[in-house]
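Residues per chain, in single letters:
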Amino acid sequence: MRESTWGFAIVETIHLLGLAVLGGAVLVGNLTSGRVLFRRSDGAAIVAAVRPVFLAALAGMLVSGVLLVASKPNRYYLDDTFRTKMVLLLLAVLSSFVVQRLAFRAGHSPALIRLLAPISLLLWLGVGVCGRIIGFL
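We now turn to the structure provided with this report. All values reported here derive from a predicted model rather than from experimental measurement. (Residues numbered from 1 in each chain as written. Predicted model: local features only at pLDDT ≥ 70, side-chain atom pairs only at ≥ 80, totals over all residues. Heavy atoms only, no water.)

Secondary structure assignment for the chain yields five helices and zero strands. N-terminal to C-terminal, the α/β element order of the chain is α-α-α-α-α. In terms of its C-alpha atoms, the chain occupies a principal-axis envelope of roughly 55 × 25 × 20 Å. For the chain, the residues scored as buried account for 34% of the 137 residues in total. In the chain, once contacts between residues fewer than 6 apart in sequence are set aside, the share between residues at least 24 apart is 74%. On the chain, roughly 8,300 Å² of surface is accessible, and the fraction owed to carbon and sulfur atoms is 72%. Between the mean site of the 13 positive side-chain charges and the mean site of the 5 negative ones, the chain shows a separation of 13 Å. (Helix = DSSP H or I, 4+ residues; strand = E, 2+ residues; numbered from the N terminus. Buried < 20%, exposed > 50% of the residue type's maximum accessible area, 1.4 Å probe, protein only. Contact = heavy atoms within 4.5 Å. Areas by Shrake-Rupley, 256 points an atom, 1.4 Å probe, with all protein chains shown as cover. Lys, Arg positive; Asp, Glu negative; His and termini not counted. Charge placed at Lys NZ, Arg CZ, Asp CG, Glu CD.)

By the element assignment, G24 lies in helix 1 (residues 7-33). Assessed through its relative accessible area of 31%, G24 is described here as partly exposed.

Attention shifts here to the packing of helix 2 (residues 43-71) against helix 4 (residues 80-103). At a minimum axis separation of 12 Å, helix 2 and helix 4 run at an interaxial angle of 165 degrees. As far as their axial angle goes, helix 4 and helix 2 are roughly antiparallel. Relative to helix 4, the crossing made by helix 2 is left-handed. Residues V47, R51, F54, L55, L58, L62 and V69 of helix 2 form the contact with helix 4, whose participating residues are F82, L89, V93, S96, F97, Q100 and R101. (Axes fitted to C-alpha atoms, helices over the stretch in contact; angles between N-to-C directions. Parallel < 35°, antiparallel > 145°, perpendicular 65-115°, else oblique. Left-handed = near helix turned anticlockwise from the far one by under 90°.)

One can describe the packing of helix 4 onto helix 5 (residues 110-136) by two numbers: an axis separation of 8 Å at closest approach and a directional angle of 155 degrees. Between helix 4 and helix 5, the interaxial angle falls into the category roughly antiparallel. In the packing of helix 4 onto helix 5, the handedness of the crossing is left-handed. Residue classes in the contact of helix 4 with helix 5 are distributed as 20 nonpolar, seven polar and one charged. (Nonpolar A, V, L, I, M, F, W, Y, C, P; charged D, E, K, R; others polar.)

With that settled, consider unusual backbone geometry. At F38, a position not held by glycine, the phi torsion is positive, near 55 degrees. If you trace the backbone, F38 turns up in the loop between helix 1 and helix 2.

Moving on to the environment of M86. Inspection of the secondary structure assignment puts M86 in helix 4. The class of M86 is partly exposed, set by a relative accessible area of 33%. Sequence-wise, M86 and L112 are 26 residues apart; in three dimensions their C-alpha atoms are separated by 25 Å.

Structure below.
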């Protein structure tokens, strides 16, 4: 990709499209889990329907992200913003799974979900902000 005129741009476009799809899936999943969206609908069915979209977008972003990093590994590895993004990404993925799993389990605490869902969204926002900062470096 280092020697290709269009390689980096194409992979980055795929990465950003994955971000858009992932962002939508996270918003729908977390806001449904927190009962902000679709209050009168079967929230568990909605979250179950969104999960494959979330997983596919996440997989696409991970693959395209690895390809982007492989184009300039030292630049990314040595960058504190990149490392912060990776930590936030790990926490965001874990928090999304926890929120969506707890939300429709019997005996769950709605207050806990209403606390965790916005935290999860903030973690995803942090991933995006770090990614945008990295784009300027």
